[in-house]
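# Structural overview for review
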Amino acid sequence: MDISDKDSECMRVITGISRGRKLVTPPGDDVRPTTDSVKESVFSIIQFSVEGRTFLDAFAGSGQMGIEALSRGAAKAVFLDNGRQSLAAVRKNLDATGLSDKAVVVNTDTVEYLRKTTQRFDIAFLDPPYKTGVIQRALEYIPSVMNKGGIIICEHPADEELSEDIGEFRLKKSYKYGKIKISVYSHKEVQGI
């Protein structure tokens, strides 16, 4: 299980206390890292909501989204994945950025974790394997782990439509970036994002 730096030249922390630090990705084609342009767009959307918050990086892969949140001032990030190589990459990236003390890395099936946990989150980022039905299953449970003022962000194929309402959360806006889409949900009683 070798986690190499071969892909790290193109993946870095964008801003914050770990700005510019290189991140590694797990080897193989199982992990599809969020591009820097999409990552930058996501954090532009939530820029005023990150500091001091608890961030969930579901289907974490390399952990770059949770690490970016921590670098930008999130109080804590929880990283969920069930791939050994992904978990090794997350841990290596947390060590490289000096953010391990604010992180919890969980080896788990994300949907099962969401179904059972009592932990609550302010921001959740979901980027599961595409076109497997996993995102729909995760969306069934994600509202129950969110704080009322929370934000749920989903990365998914542009041609895949997600529900307008998930529990007490409503789709507020979708952004298209080529073949992918970012869908942003917030609580029905919360105006804006």
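Here's a quick rundown of the structure. All figures in this text were calculated on a predicted structure; none of them were measured in a lab. (Residues numbered from 1 in each chain as written. Predicted model: local features only at pLDDT ≥ 70, side-chain atom pairs only at ≥ 80, totals over all residues. Heavy atoms only, no water.)

## Comments concerning the overall build of the chain
The test is simple: A run of H or I in DSSP counts as a helix once it spans at least four residues, and a run of E counts as a strand once it spans at least two, with each numbered from the N terminus. Only C-alpha atoms enter the radius of gyration; for comparison, a globular chain is expected to reach 2.2 Å times N to the power 0.38, where N is the number of residues. Residue exposure (1.4 Å probe, protein chains only): buried if accessible area is under 20% of the type maximum, exposed if over 50%, otherwise partly exposed. In this analysis, two residues are considered to be in contact whenever any of their non-hydrogen atoms come within 4.5 Å of each other. As used throughout, the charge tally considers Lys and Arg to be positive and Asp and Glu to be negative, leaving His and the chain termini uncounted. Taken as the charge centre is NZ of Lys, CZ of Arg, CG of Asp or CD of Glu, depending on the residue.
When helices and strands are counted, the chain shows five helices and eight strands. Counted from the first residue to the last, the chain has its helices and strands arranged as α-β-α-β-α-β-α-β-α-β-β-β-β. Whereas a compact globule of 193 residues would reach a radius of gyration of roughly 16 Å, the chain reaches 15 Å, a difference of no more than 12%. With the C-alpha coordinates of the chain rotated into their principal frame, the extents come out at 45 × 35 × 35 Å. Taken across its 193 residues, the chain has 50% of its residues classed as buried. At a minimum sequence separation of 6, the contacts of the chain that also span at least 24 residues come to 60%. Charged side chains in the chain number 27 positive and 27 negative. The centres of these two groups are separated by 2 Å.

## Considerations on the side chain of Q64
Considering the arrangement of structural elements, one finds Q64 in helix 2 (residues 64-71). Q64 has contacts with M11, L23, P33, T34, D36, K39 and D57, leaving out every residue within four places of it along the chain.

## Here's the deal with helix 5 (residues 134-141)
Note the threshold: Taking the helix axis as origin, the arc is that swept by the directions to the C-beta atoms.
Taken as a whole, helix 5 has its buried residues at V134, I135, A138 and L139. All buried residues of helix 5 lie within an arc of 135° about the axis, which places them on one face of the element. Residues of helix 5 that are buried sit in contact with helix 4 (110-116), strand 4 (121-126), strand 5 (146-157), strand 6 (165-166) and strand 8 (180-187).

## Describing the environment of G83
Mapped onto the fold, G83 is located in the loop between strand 2 (76-81) and helix 3 (84-97). Judged by relative accessible area, G83 falls into the partly exposed class, the value being 22%.

## Some details on the pairing of strand 3 (residues 103-107)
Applicable threshold: Any two strands between which DSSP finds at least two bridges are classified as paired. Orient the strands so they point away from the viewer, and a crossover whose first-strand-to-second-strand path over the helix runs clockwise is right-handed.
Relative to strand 3, strand 2 runs parallel, the two being bridged by five bridges. In the sheet register, A77 faces strand 3, and the bridge partner there is A103. Between strand 2 and its parallel partner strand 3, the chain crosses via helix 3, and the hand of that crossover is right-handed.

## So, the pairing of strand 1 (residues 54-58)
Counting buried positions over the five residues of strand 1 gives five, a clear majority of the element. Taken together, the four bridges between strand 1 and strand 2 define a ladder with parallel strand orientation. Bridge pairing in strand 2 places L56 opposite V78. Bridge count for strand 1 against strand 4 is four bridges, and the pairing is parallel. Looking across to strand 4, one finds that F55 is bridged to I123.

## Things to note about helix 3
Heads up, the condition is: Expected helix span is given by 1.5 Å per residue-to-residue step, counting one fewer step than there are residues.
Between the first and last C-alpha of helix 3 there are 20 Å, a value that for 14 residues agrees with the 20 Å anticipated at 1.5 Å per step. Listed as buried for helix 3 are S86, L87, A89, V90, N93, L94 and T97. An end-on view of helix 3 places all buried positions within 160° of arc, on one side of the element. Of the exposed residues in helix 3, those oriented more than 90 degrees away from the buried face are R84 and D95. Where helix 3 is buried, its residues contact helix 2, strand 2 and strand 3. G98 sits one or two residues past helix 3 and shows a positive phi near 70°.

## Notes on the packing of helix 1 (residues 36-45) against helix 2
The criterion, for reference: Think of each axis as a best-fit line through the C-alpha atoms, taken over the contacting stretch in the case of a helix, with angles from 0 to 180 degrees between the N-to-C directions. Under this scheme an angle from 65 to 115 degrees is roughly perpendicular, one under 35 degrees roughly parallel, and one over 145 degrees roughly antiparallel; angles in between are oblique. For any pair of crossing helices, the crossing counts as left-handed if the nearer helix is rotated counterclockwise from the farther one by less than a right angle, and right-handed if it is rotated clockwise. Residue polarity follows a fixed list, in which Ala, Val, Leu, Ile, Met, Phe, Trp, Tyr, Cys and Pro are nonpolar, Asp, Glu, Lys and Arg are charged, and the others, Gly among them, are polar.
Packing of helix 1 against helix 2 brings their axes to within 11 Å, and their N-to-C directions diverge by 45°. With respect to each other, helix 1 and helix 2 are oriented oblique. In the packing of helix 1 onto helix 2, the handedness of the crossing is right-handed. In this structure, helix 1 uses D36, K39, V42 and F43 to contact helix 2, whose residues at the interface are Q64, M65, E68 and A69. Per-class residue counts for the contact of helix 1 with helix 2 are four nonpolar, one polar and three charged.

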